[in-house]
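# Residue-level structure breakdown
What follows is the residue order along each chain.
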Amino acid sequence: MELPSKLLENAVNEMSQLPGIGKRTALRLVLHLLKQPAEQTEMLSSALTAMRNDIQYCKECNTISDAEICGICSNASRDKSIICVVEDVRDVMALENTGMFKGVYHVLGGKISPIEGVGPSQLKITSLVEKVKEGNVAEIIFALSSTMEGDTTNFYIYRQIKEYEVKTSTIARGIAVGDELEYADEVTLGRSLLNRIPFETSIKPY
């Protein structure tokens, strides 16, 4: 794509690095920004810089937060004895949008995937096991996507905690196999939470 300005080309190249943004879409966005008042572009730039530099991760559940402890974990009305295990912050947002879960979360930061070089040590699994060991957890809800990687991760964690007195369950499969939680509608996702089943009955042999 031939562009009349190197500055424009650089901006388009950077914008096209975003997921789902091709060169043509990036060009359209950059040209839109050029038409806006300079203050608007500066506000966007400042917001992105502040987000990148100042955002934190909750010390309790690992989700994105503005403070050391996120609003969910610091909420006294949440039941901290029930922990919902998810892959990333997008799953937290999806589940929160249902308004049906009153426990807390534990964000793993991914799923075990040998093909992609992701092992248990690269995920936030140890801290979850430590929470269970402390004896204050009544139930662990596995809410990872129903994929080979998700099921492998669930089973790995289950093996680490099965000797402790903690109930393990998984969301009911109103979510199609292979689907990601963030794309599920709120009603289906909410029902999957409410109708969760014992994890032992969901284990599939591979």
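Residues numbered from 1 in each chain as written. Predicted model: local features only at pLDDT ≥ 70, side-chain atom pairs only at ≥ 80, totals over all residues. Heavy atoms only, no water.

### A short note on the state of the cysteines
- Per the stated rule, a full pass over the model turns up zero disulfides.
- Counting only cysteine sulfurs, Cys 70 is the nearest neighbor of Cys 58, a cysteine outside any disulfide, at a range of 3.7 Å.
- On the accessibility criterion, Cys 58 (1% relative accessible area) is buried. (Disulfide = S-S within 2.5 Å. Buried < 20%, exposed > 50% of the residue type's maximum accessible area, 1.4 Å probe, protein only.)

### Remarks on unusual backbone geometry
- Of note, the phi angle at Asn 62 is positive, near 75 degrees, even though the residue is not glycine.
- Note that Asn 62 resides in the loop between β1 (56-57) and β2 (64-65).
- The exposure class of Asn 62 is buried, given its relative accessible area of 17%. (Helix = DSSP H or I, 4+ residues; strand = E, 2+ residues; numbered from the N terminus.)

### Quick notes on the environment of Val 107
- Within the element layout of this structure, Val 107 appears in strand β4 (residues 104-107).
- Take Val 107: its relative accessible area is 5%, and that puts it in the buried class.
- Along the chain, Val 107 and Val 92 lie 15 residues apart, while their C-alpha atoms are 8.0 Å from each other.

### Some details on the UniProt feature "zinc finger region: C4-type" (unreviewed entry) in the protein
- Within this structure's numbering, the places UniProt gives as "zinc finger region: C4-type" (unreviewed entry) are residues 58-73.
- For the annotated span residues 58-73, helix accounts for 0% and strand for 12% of the residues, and the straight-line distance between the end C-alpha atoms is 8 Å. (UniProt positions renumbered as here; feature names shortened; annotations may be inferred.)

### Section: a nonpolar patch on the surface
- A cluster of nonpolar side chains, Leu 44, Leu 48 and Met 51, forms an exposed patch at the surface whose accessible area comes to about 270 Å².
- For Met 51, the location among the structural elements is in helix α3 (residues 38-54).
- Look at Met 51 and you get partly exposed, because its relative accessible area is 44%. (Patch = residues over 30% accessible without salt bridge, like charges linked within 9 Å, V, L, I, M, F, W, Y side chains within 5 Å. Areas by Shrake-Rupley, 256 points an atom, 1.4 Å probe, with all protein chains shown as cover. Salt bridge = Lys/Arg side-chain N within 4 Å of Asp/Glu carboxyl O.)

### Observations concerning the packing of helix α1 (residues 6-15) against helix α2 (residues 23-35)
- Between α1 and α2, whose axes approach to 8 Å, the crossing angle comes to 125 degrees. In terms of their interaxial angle, α1 and α2 are classed as oblique. For the element pair α1 and α2, the recorded crossing hand is right-handed. Side by side, α1 and α2 meet where Leu 8, Ala 11, Val 12, Asn 13 and Met 15 of the first sit next to Lys 23, Ala 26, Leu 27, Leu 29, Val 30, Leu 31, Leu 33 and Leu 34 of the second.
- Its residues assigned to classes, the contact of α1 with α2 comprises eleven nonpolar, one polar and one charged. (Axes fitted to C-alpha atoms, helices over the stretch in contact; angles between N-to-C directions. Parallel < 35°, antiparallel > 145°, perpendicular 65-115°, else oblique. Left-handed = near helix turned anticlockwise from the far one by under 90°. Contact = heavy atoms within 4.5 Å. Nonpolar A, V, L, I, M, F, W, Y, C, P; charged D, E, K, R; others polar.)

### Points about the pattern of salt bridges
- Inspection of every chain in the model, using the stated rule, returns six salt bridges.
- Between Glu 9 and Lys 6 there is a salt bridge; the shortest N-O distance is 3.8 Å. Remark: Lys 6 and Glu 9 occur in helix α1; sequence separation between them is three residues, near one turn of the helix.
- By relative accessible area, which is 25% here, Glu 9 ends up partly exposed.
- According to the relative accessible area criterion, Lys 6 is exposed, its value standing at 56%.
- Residues Glu 87 and Lys 111 are paired through a salt bridge, measuring 3.6 Å at the closest nitrogen-oxygen approach. With a gap of 24 residues between them, Glu 87 in the loop between β3 (82-86) and α4 (89-96) and Lys 111 in the loop between β4 and α5 (126-133) connect regions that are remote in the sequence. As far as the burial class goes, Glu 87 and Lys 111 line up, both buried.

### Looking at the pairing of strand β6 (residues 167-170)
- Of the pairings in the sheet, the one linking strand β5 (residues 139-142) to β6 comprises four bridges and is parallel in character. When the bridges of β6 are listed, Glu 139 appears paired with Lys 167.
- After leaving β5, the chain enters helix α6 (residues 148-161) and then returns to the sheet as β6, a path that is right-handed. (Pairing = 2+ DSSP bridges. Right-handed = clockwise from strand over helix to strand, strands pointing away.)

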